[in-house]
Amino acid sequence: MNTLVKMDNVVKQFPGVKALSGISFEIKSGEVHVLLGENGAGKSTLMKILSGVHKPTSGTISINGKVFNGLTPKDSRENAISVIYQELSVINELSIAENLYVGNIPTKKLGPFNLVDREKMNKMAQKLCERVGLKRDVRTLVEDISISEKQQVEIAKALAYESRVIIMDEPTASLTNEEVNHLFEIIKKLKKEGRGIVFISHKLREIMEIGDRVTVLKDGTYVGTKNISDVTQDDLVSMMVGRQIKQSYQSKKENFENEEVIFQVKNLERKDGKVKNVSFSLHKGEILGFSGLVGSGRSEMMNSIFGAEPKKSGEIFVFGKKVKISGPYSAIKNGLAMVTENRRESGFFSNFDIKQNISILPFIKKSFGGGVGGLINFNSEKSWAEKEKEKLNIKCFSTEQNITELSGGNQQKVILGKWLAANSKIIIFDEPTKGIDVGSKSEIYSLMRSLADEGKGVLVVSSELPELLSVCDTIAVFREGEIVKTFSRKEATEEKIIKASTTEKSE
């Protein structure tokens, strides 16, 4: 395998912080090189230097024998480097074909005019889509296709640019198991074509399956590069965090039936049929998890409980008191909290700093008239933020720092902090560790357990079975809008949960 890209002794200094300290990294043809590290380790900064978004403070980048002190996005593209970001950059309003050739649309002459050659563009696009296994009419608008198909469009776009190096940032974060398997088949084809893949992920099991080599970064420094075949998952965790990670966060108590019921849902249904006659109870000290395939009704149920989406019927009880929830405002007033799946879109205000994001919920809870009336107290704002920063170990320079400057794990802590500052009684976690490193996951799991032990209600929706099995005391399984099976932690196994989640009859 020949070396496609070599980065030597790369340093990146931002005002007040050294993001990268002398990092060296290389990408060879026909390999998947995993870039691993906790949030804030420097992975994204290193790749932004390679893609031309940032210029290194010092260091060099060698591509096909040519040495650069820094790249522009144009340099990167011209040297056959493409990035597929976790937040996909497709344009929903354009067709698949138009997305593939945006900025490079083929044209034809008609007299003195240059017109778009749609026939040629569609034919070329069709060939690219066939290479990545995308079975769609290339004239289809991107807004009408799934997340995994959008990702295939991004890969096809990289091939349209004839990229030799393709960087994939958290490519499986929003995919089902079946879609992940399909993506891995595409990656294997790209390897056979001699392309080099940089694969950034926090999912260690996937890394062990698809990776050839792994480079670990920690706090902007280089820890080491290993062949995947020579390491275990535990080895990688130790390299990343420098400590052993706790494997179980379940309560010491095994039976909760005699404990107080602190949250209860009775006969919940939605008009659209996505949730059908669902009932469950949460006991004091218990963490209740919800498993099931994507679209099985888990998140749809939580959105209806929180009032974000309408329900047809059903009753909700908080600490034995029946509450009426007509929307998120009344949910907040009644002590409910929801840490949403998509933190960037619905978890925080990107134009607010940390203290503003944390204090917004306490202010809303104290407001009146549906949130129209109320006062802001700047002393309280600072006090709440500093308290949650210490309690949740939020890594930041100041609570006046913009939230977008934080790593994913610390952003998630800020989101949790706003609900804790509002003294929420029941906290719903929907995919709580999506795109978060193993060290931050451990901290969030510990926080969940401490909240449950304090007597708060903790409900967890997750697509990661190891997560549910290590955190939850009870796991309810959804299928086609209904809870079809509930397992105690003694009974629960991955095999049983998967069996119950599918159309097979559960034992």
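Our subject is the structure listed above.
Here the structure is a predicted model, which is why all the values come from computation and not from measurement. (Residues numbered from 1 in each chain as written. Predicted model: local features only at pLDDT ≥ 70, side-chain atom pairs only at ≥ 80, totals over all residues. Heavy atoms only, no water.)

Draft legend 1. The arrangement of the overall build of the protein chain in detail. Counting its regular elements, the protein chain contains 17 helices and 22 strands. The globule rule puts the C-alpha radius of gyration for 507 residues at 23 Å, and the 24 Å found for the protein chain is close to it. Projected onto its principal axes, the C-alpha coordinates of the protein chain cover approximately 70 × 50 × 50 Å. For the protein chain, the residues scored as buried account for 52% of the 507 residues in total. If you take every contact in the protein chain between residues at least 6 apart in sequence, the share linking residues at least 24 apart comes to 67%. Carbon and sulfur atoms form 47% of the exposed surface of the protein chain, whose accessible area is close to 23,500 Å². With 74 positive and 66 negative side-chain charges, the protein chain shows a spacing of 2 Å between the two charge centroids. (Helix = DSSP H or I, 4+ residues; strand = E, 2+ residues; numbered from the N terminus. Rg over C-alpha atoms; globule rule 2.2 N^0.38 Å. Buried < 20%, exposed > 50% of the residue type's maximum accessible area, 1.4 Å probe, protein only. Contact = heavy atoms within 4.5 Å. Areas by Shrake-Rupley, 256 points an atom, 1.4 Å probe, with all protein chains shown as cover. Lys, Arg positive; Asp, Glu negative; His and termini not counted. Charge placed at Lys NZ, Arg CZ, Asp CG, Glu CD.)

Draft legend 2. Main features of the packing of helix H12 (residues 354-366) against helix H14 (residues 408-421). Interaxial distance between H12 and H14 falls to 7 Å at its minimum, and their mutual angle equals 35°. In terms of crossing hand, the pair formed by H12 and H14 is right-handed. In contact with Ile354, Asn357, Ile358, Ile360, Leu361 and Pro362 of H12, H14 contributes Val414, Gly417, Lys418, Trp419 and Ala421. Split by residue class, the contact of H12 with H14 holds 8 nonpolar, 2 polar and 1 charged. (Axes fitted to C-alpha atoms, helices over the stretch in contact; angles between N-to-C directions. Left-handed = near helix turned anticlockwise from the far one by under 90°. Nonpolar A, V, L, I, M, F, W, Y, C, P; charged D, E, K, R; others polar.)

Draft legend 3. Region of interest: helix H4 (residues 118-132). For H4, with 15 residues, the first-to-last C-alpha span of 21 Å sits near the 21 Å given by 1.5 Å per residue. Of the positions making up H4, those classed as buried are Met121, Ala125, Leu128, Cys129 and Val132. Each buried residue of H4 lies within a common arc of 100° when the element is viewed along its axis, so the set occupies one face. Residues Glu119, Lys123, Lys127 and Glu130 are exposed on H4 and point more than 90 degrees away from its buried face. Looking at the packing, one finds that the buried side of H4 touches helix H3 (96-101), helix H5 (147-160) and helix H6 (177-192). Phi turns positive, to about 75°, at Gly133, one or two residues after H4. (Expected span 1.5 Å × (residues − 1). Arc of directions from axis to C-beta.)

Draft legend 4. Highlighting the sheet that holds strand E5 (residues 66-68). The 4 strands lie next to each other as E2-E1-E4-E5, forming an open sheet whose pairing is antiparallel. Looking at which strands have only one partner, the edges of the open sheet turn out to be strand E2 (17-28) and E5. Sheet twist, expressed as the mean angle between neighbouring strand axes with direction ignored, is 15°. Bridge analysis of strand E1 (residues 3-14) against strand E4 (residues 58-63) gives 5 bridges, and the strand direction is antiparallel. The partner of Met7 across the bridge, within E4, is Ile61. Sitting on the sheet, helix H1 (residues 43-50) is in contact with E1, E2 and E4, with an inclination near 115° to E1. (Pairing = 2+ DSSP bridges.)

Draft legend 5. Geometry of the pattern of salt bridges. Applying the stated criterion across every chain yields a total of 24 salt bridges. Of the charged contacts in the structure, one is a salt bridge between Glu119 and Lys123, with a shortest N-O distance of 3.6 Å. Taken as a pair, Glu119 and Lys123 lie in helix H4 at a separation of 4 residues, close to a single helical turn. Both residues of the pair, Glu119 and Lys123, count as exposed. Bridged by salt links that share partners, the residues Glu26, Lys28, Glu31 and Arg213 form one connected network. (Salt bridge = Lys/Arg side-chain N within 4 Å of Asp/Glu carboxyl O.)

Draft legend 6. Up close: the side chain of Asn357. Here Asn357 is to be found in helix H12. Its relative accessible area of 2% is what places Asn357 among the buried residues. Within the structure, the side chain of Asn357 is placed 3.4 Å from the backbone oxygen of Phe352, a separation counted as a polar contact. Each residue touching Asn357, except ones within four places of it in the same chain, is listed here: Phe348, Phe349, Phe352, Ile403, Val414 and Lys418. (Polar contact = N/O pair within 3.5 Å; in protein donor to acceptor, adjacent residues only side chain to side chain.)

Draft legend 7. Spatial organisation of the nonpolar core. Phe263, Phe280, Phe290, Met301, Ile305 and Leu459 are the most contacted members of the largest nonpolar core, which totals 72 residues. With residues up to four places along the chain from it excluded, the contact list for Met301 reads Leu268, Val275, Val278, Phe280, Phe290 and Phe478. Membership of the second largest hydrophobic core comes to 47 residues, among which are Met121, Ala156, Ile186 and Ile207. (Core = buried A, V, L, I, M, F, W, Y, C linked by side-chain atoms within 4.5 Å.)

Draft legend 8. Broad picture of the sheet that holds strand E16 (residues 313-318). Reading across the sheet, the 4 strands line up as E14-E13-E16-E17 and stay open at both edges, with antiparallel pairing between neighbours. Only two strands of the sheet have a single neighbouring strand rather than two, namely strand E14 (278-283) and strand E17 (321-323). Across the sheet, the mean angle from the axis of one strand to that of its neighbour is 20°, orientation sign disregarded. Taken strand by strand, helix H9 (residues 298-305) contacts strand E13 (261-269), E14 and E16, and its axis lies near 110° from that of E13.

Draft legend 9. Broad picture of the packing of aromatic side chains. Here the structure, examined in full by the defined rule, presents 6 aromatic pairs. For the pair Phe184 and Phe199, a centre-to-centre distance of 6.1 Å together with 65° between the ring planes defines the contact as edge-to-face. Residue Phe184 is located in helix H6, and its partner Phe199 is located in strand E10 (residues 196-200); the two are separated by 15 residues in the primary sequence. Measuring from centroid to centroid gives 5.8 Å for Phe306 and Trp419, while their planes differ by 85°, and the two rings are edge-to-face. Here Phe306 is found in the loop between H9 and E16, whereas its partner Trp419 is found in helix H14, with 113 residues between them in sequence. Judged by its relative accessible area of 7%, Phe306 falls in the buried class. The lysine or arginine in question, Lys12, covers the ring of Phe14, its NZ or CZ lying 5.0 Å from the ring centre. (Phe/Tyr/Trp six-rings, centres within 6.5 Å; stacked < 30°, edge-to-face > 60°. Lys NZ or Arg CZ within 6 Å of the ring centre and 35° of its normal.)

Draft legend 10. Looking closely at the environment of His33. Within the fold, His33 resides in strand E3 (residues 32-36). Take His33: its relative accessible area is 1%, and that puts it in the buried class. Separated by 87 residues in the primary sequence, His33 and Lys120 place their C-alpha atoms 35 Å from one another. Once residues within four sequence positions are removed from consideration, His33 is found in contact with Phe25, Glu26, Ile197, Val198, Phe199, Arg213, Val214, Thr215 and Thr225.

Draft legend 11. Up close: a nonpolar patch on the surface. A cluster of nonpolar side chains, namely Leu110, Phe113 and Leu115, defines an oily patch on the protein surface of about 310 Å² accessible area. Within the secondary structure layout, Leu115 lies in strand E8 (residues 113-116). Relative accessible area serves as the criterion here: at 34%, Leu115 is assigned to the partly exposed category. (Patch = residues over 30% accessible without salt bridge, like charges linked within 9 Å, V, L, I, M, F, W, Y side chains within 5 Å.)

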